[in-house]
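Survey of secondary and tertiary structure
So the chains spell out like this:
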Amino acid sequence: MLAARTVTTTGSGRVALPRSVAVVRVTATHRAATLVGALAGAESARAAVVEVARRHVDPADAGAVATQSLDIWQTTDDQGRRVGHEARHALSIRAASLDAAAALVQALADEVGDRISLDGVSPAAVPSEEDHRTARERAFADARATAEHLAELAGAGLGSVVSVAEGAARGGARGGAADARLASAKTPVGLEGGEEDLTAAVTVVWELG
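Read on for a plain summary of the structure. None of these values were measured; they are calculated from a predicted model.

**Concerning a nonpolar patch on the surface**
A cluster of nonpolar side chains, contributed by Leu35, Val36, Leu39, Leu70 and Ile72, occupies part of the molecular surface with about 410 Å² of accessible area. Put simply, the parts of the chain that give the nonpolar patch at least two residues each are α1 (35-53) and β3 (65-76). The element contributing the most residues to the nonpolar patch is α1, with three residues. With respect to the helices and strands, Val36 occurs in helix α1. Classification of Val36 as exposed rests on a relative accessible area of 64%.

**Side note on the sheet that holds strand β4 (residues 82-95)**
Ordered by their spatial adjacency, four strands build an open sheet running β3-β4-β2-β5, and the pairing between neighbours is antiparallel. Two strands bound the open sheet, and with one partner strand each, they are β3 and β5 (116-124). Between one strand and the next, the sheet's axes are offset by a mean angle of 15°, whatever the strand orientation. The sheet contact formed by strand β2 (residues 21-32) and β5 spans eight bridges and is antiparallel. Looking at the pairing, Val21 lines up with Ala124 of β5. Sitting on the sheet, α1 touches β2, β3, β4 and β5, and the angle it makes with β4 is about 20°.

**Description of the environment of Gly157**
For Gly157, the position within the fold is in the loop between α3 (129-153) and β6 (158-166). The partly exposed category is assigned to Gly157, whose relative accessible area is 33%. Put simply, Gly157 and Gly209 are 52 residues apart on the chain and 4.7 Å apart in space, counted from C-alpha to C-alpha. When residues no more than four places from it in sequence are discounted, the contact partners of Gly157 are Ala151, Glu207, Leu208 and Gly209.

Parameters at a glance
- For every chain, the first residue of the written sequence is number 1, and numbering continues from 1 along that sequence.
- Totals for whole chains, interfaces and linings use all residues, but because this is a predicted model, local features are given only for residues with pLDDT of at least 70 and pairs of side-chain atoms are given and counted only at 80 or more.
- The side-chain quantities take in all heavy atoms of the structure and omit both hydrogens and water.
- Like-charged residues are merged into a patch within 9 Å and nonpolar side chains (Val, Leu, Ile, Met, Phe, Trp, Tyr) within 5 Å, provided each residue has over 30% relative accessible area and no salt bridge.
- For the area figures, the Shrake-Rupley method with a 1.4 Å probe applies, and any residue is considered shielded solely by the protein chains shown.
- Salt bridges, as used here, are contacts in which a Lys or Arg side-chain nitrogen is within 4 Å of a carboxyl oxygen on Asp or Glu.
- Starting at the N terminus, helices and strands are each numbered in turn, a helix being any DSSP run of H or I of at least four residues and a strand any DSSP run of E of at least two.
- Buried, partly exposed and exposed residues are distinguished by accessible area as a fraction of the type maximum, computed with a 1.4 Å probe on protein chains only: under 20%, between the cut-offs, and over 50%, respectively.
- Strands are treated as partners if at least two bridges between them are detected by DSSP.
- To define axes, lines are fitted to C-alpha atoms, for helices over the stretch in contact only, and angles between the resulting N-to-C directions are given on a 0 to 180 degree scale.
- Should any heavy atoms of two residues lie within 4.5 Å, those residues are considered in contact.

Here's what the structure looks like:
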């Protein structure tokens, strides 16, 4: 009995999405002679950051402001002698739009200032289920087009689908990194979102007629 002839192809599909939201990463820092003093200062800065952030995030987003880490270590002078402690409380703040993220960064600079460090602003896309469906449909069409070509080269026709396996969807940013400019109040922060590619991959096994 002859084994069924098959052809296996992998297709990819892409959907370009605007990066319309952003995560702001900020660290509240404080140095002091004692551990208690360093921790208290960092906590004061953290509270100020959260107060500002609450005015610029979606009230319905319960997890918009989140602690990423809290670190405390000893500080030393040039001779290696212990002189105190430094506390760093890292936070991520999820803004519902680029405008909100830009306003947040400016407000943090104006109201909290040198008590924090701005670790980065990461714009992101928010794909819908329809976006995922479109990417998969394009991936399947790409796999079919390749299979039809291979079947033609083999002097055969493309038959029924034997199996389909979906690969992992991925996103890739295009348009450069976020532009976060901390300047004076007369020159507010500007953010350029760019686009992000949502991609899907499918591997399909077809019968050859």
